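The residues making up each chain are set out below.
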Amino acid sequence: MRNRQIPKGLRDLLPDEVKVIRNMEKKAAQLFSSYAYEEVMTPTFEYLEVIEAGRGSRREDLFLFVDREGGILSLRPEVTGSIARMASIHLHDADFPRRLFYMANVFRHVQPQLAQYREFRQTGVELLGAEGIWADAEVINIAVKLLEIMGLKSFKISINQLPIFNSLLDESGLNSEDRSLVRQLVEEKDLVELYRLLEGLDIDDELKDTIAALPVLHGGLEVIKRIPYVEKNRKASAAVEELIKIYDALKLYGATSHIVVDMGVLRNLDYYTGLVFEGYSPDLGYGLLGGGRYDNLLGQFGLSCPATGFALHMDRLALVLPCREEERDHYLLGGGDFPSLIAQAEKLRKQGYIVEMDLGGHSQAELEKKIEGKENWTLIYLD
């Protein structure tokens, strides 16, 4: 075979890289389980209809193919939609709330670059059947704890209430095309283009100024006071009050040192209905995690059920976090007495040590040279 390349946007993971991911997964599973979350698995691909129930009609970032029966399938671009579909089938009569977590590869047809892969690893939680501020606060707190136990020292999680933005746009009377463009510019924090667009729209000047200010309203709860038009909108005011209550709940968890309020965080998935949040590290230009409340998604599959959750991009976190597995004692066994070597190796493995047997008939001096300078290595030579 002459072509030994892999498809664009994919990559091989060598042993040290796999150790980092597995160590992260182990820590994540232990944390999620301590909050009573249980692991589930869903198929790698779904019918396109399932995927589009959550992500809308945007197909440009999907990997699509047709099965032999003529069904249009898609590799999963995220897992939440699959869990919503699974819950509608298998958990219809379950006692709620149900706390679920997952670890899975997902696939998106993006332009490959650093921290932007077409196949990457996610882990996340979904809290199904729980509404209100305490459910949202639990999920955000778990996100904070997750980044902490991974060893990340410097990070922030930005929170917002999507109904604040949506209520302002509802009052503006903009058509769907202009709404989508305003949302995109706010998310991208493109202030110049946002100002230019708003100037050409026939809406209230104070409302216009409020929308234009959203991308830069970032900090503590005090930023809410800098959006005065919200007080004139009943739905926006209610959403602000709920955001304040969530923030106060996070104080009880001791998590607010990592929390900032950001009116420009809107998330780009169609199914979010309330709280939305994103986690960042100053060492990486991309988000590490994201999530929020999605109370209507399960209803599209026939199960009326509130829900909230988040997903962590593990490949990105691995770029900013060594997260190495703690070194265990490592034994190298050599010599010609294989019955004794095998017995000794099995004894050491049962005690939790890593044991490597020399299969090449090397001398004791050669094996001593092999482990020279390596910490936590011990040679046992039985001739």
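Residues numbered from 1 in each chain as written. Predicted model: local features only at pLDDT ≥ 70, side-chain atom pairs only at ≥ 80, totals over all residues. Heavy atoms only, no water.

**Section: the overall build of the chain**
Step number 1: Looking only at helices and strands, the chain has twelve helices and 15 strands in total.
Step number 2: Its C-alpha atoms put the chain at 90 × 55 × 45 Å along the principal axes.
Step number 3: Per-residue burial for the chain yields a buried fraction of 49% across its 383 residues.
Step number 4: A separation threshold of at least 6 residues defines the contact pool for the chain, and within that pool the share at least 24 residues apart is 69%.
Step number 5: In the structure as shown, the chain presents an accessible area of about 19700 Å², 49% of it carried by carbon and sulfur atoms.
Step number 6: The averaged location of the 60 negative side-chain charges in the chain is 3 Å from the averaged location of its 45 positive side-chain charges. (Helix = DSSP H or I, 4+ residues; strand = E, 2+ residues; numbered from the N terminus. Buried < 20%, exposed > 50% of the residue type's maximum accessible area, 1.4 Å probe, protein only. Contact = heavy atoms within 4.5 Å. Areas by Shrake-Rupley, 256 points an atom, 1.4 Å probe, with all protein chains shown as cover. Lys, Arg positive; Asp, Glu negative; His and termini not counted. Charge placed at Lys NZ, Arg CZ, Asp CG, Glu CD.)

**Regarding the nonpolar core**
Step number 1: Ranked by internal contacts, the top residues of the largest apolar core, which has 104 residues, are F32, L128, I159, V182, F277 and L317.
Step number 2: Sorting elements by how many residues they give to this core places helix α4 (residues 133-149) first, with ten residues.
Step number 3: Residue contacts for I159: discarding those within four places in its chain leaves I140, L243, Y247, I259, V260, V261, D262, L275, V276 and F277.
Step number 4: Among the nonpolar cores identified, the runner-up in size contains eight residues, and L341, A345, V355 and M357 belong to it. (Core = buried A, V, L, I, M, F, W, Y, C linked by side-chain atoms within 4.5 Å.)

**Describing the pattern of salt bridges**
Step number 1: Overall, the coordinates contain 18 salt bridges when judged by the stated rule.
Step number 2: Between R22 and E25 there is a salt bridge, and its shortest N-O distance comes to 2.8 Å. Separated by three residues within a single helix, R22 and E25 lie in helix α1 (residues 15-34), roughly one turn from each other.
Step number 3: Exposure remark for R22: the relative accessible area of 49% places this residue in the partly exposed category. (Salt bridge = Lys/Arg side-chain N within 4 Å of Asp/Glu carboxyl O.)

**A closer look at the sheet that holds strand β4 (residues 72-75)**
Step number 1: Read from one edge of the open sheet, three strands run β2-β4-β3, paired in antiparallel fashion. Both outer strands of the open sheet, β2 (45-47) and β3 (64-66), are each paired with one neighbouring strand and no more. The average undirected angle you get between the axes of adjacent strands in this sheet is 35°. (Pairing = 2+ DSSP bridges. Axes fitted to C-alpha atoms, helices over the stretch in contact; angles between N-to-C directions.)

**As for unusual backbone geometry**
Step number 1: Between F96 and the following residue, P97, the backbone shows a cis peptide bond with an omega angle of 5°.
Step number 2: Looking at the secondary structure, you find P97 in the loop between α3 (80-90) and β5 (98-107).
Step number 3: Of note in this structure, A36 is not a glycine but carries a positive phi near 75°.
Step number 4: In the Ramachandran plot, A115 falls in the positive-phi region, its phi being about 70° despite a non-glycine side chain.
Step number 5: Along the chain, A115 falls in the loop between β5 and β6 (119-128).

**Some points on a negative patch on the surface**
Step number 1: A surface patch of negative charge is lined by E171, E199, D204 and D209.
Step number 2: Mapped onto the fold, D209 is located in helix α8 (residues 205-213).
Step number 3: Accessibility expressed as a relative area gives 53% for D209, which makes it exposed. (Patch = residues over 30% accessible without salt bridge, like charges linked within 9 Å, V, L, I, M, F, W, Y side chains within 5 Å.)

**Regarding the packing of aromatic side chains**
Step number 1: For the coordinates displayed, the defined rule picks out six aromatic pairs.
Step number 2: Judged by centre distance (5.2 Å) and plane angle (55°), the ring pair of F32 and F101 falls under tilted. Of this pair, F32 sits in helix α1 while F101 sits in strand β5; the two residues are 69 residues apart in sequence, bridging distant segments of the chain.
Step number 3: Note on F32: relative accessible area 0%, which makes it buried.
Step number 4: Accessibility expressed as a relative area gives 3% for F101, which makes it buried.
Step number 5: Grouping aromatic residues by their ring pairs yields a cluster made of Y271, Y272 and Y294.
Step number 6: Between R11 and the ring centre of Y117, over which it is positioned, the NZ or CZ distance is 4.2 Å. (Phe/Tyr/Trp six-rings, centres within 6.5 Å; stacked < 30°, edge-to-face > 60°. Lys NZ or Arg CZ within 6 Å of the ring centre and 35° of its normal.)

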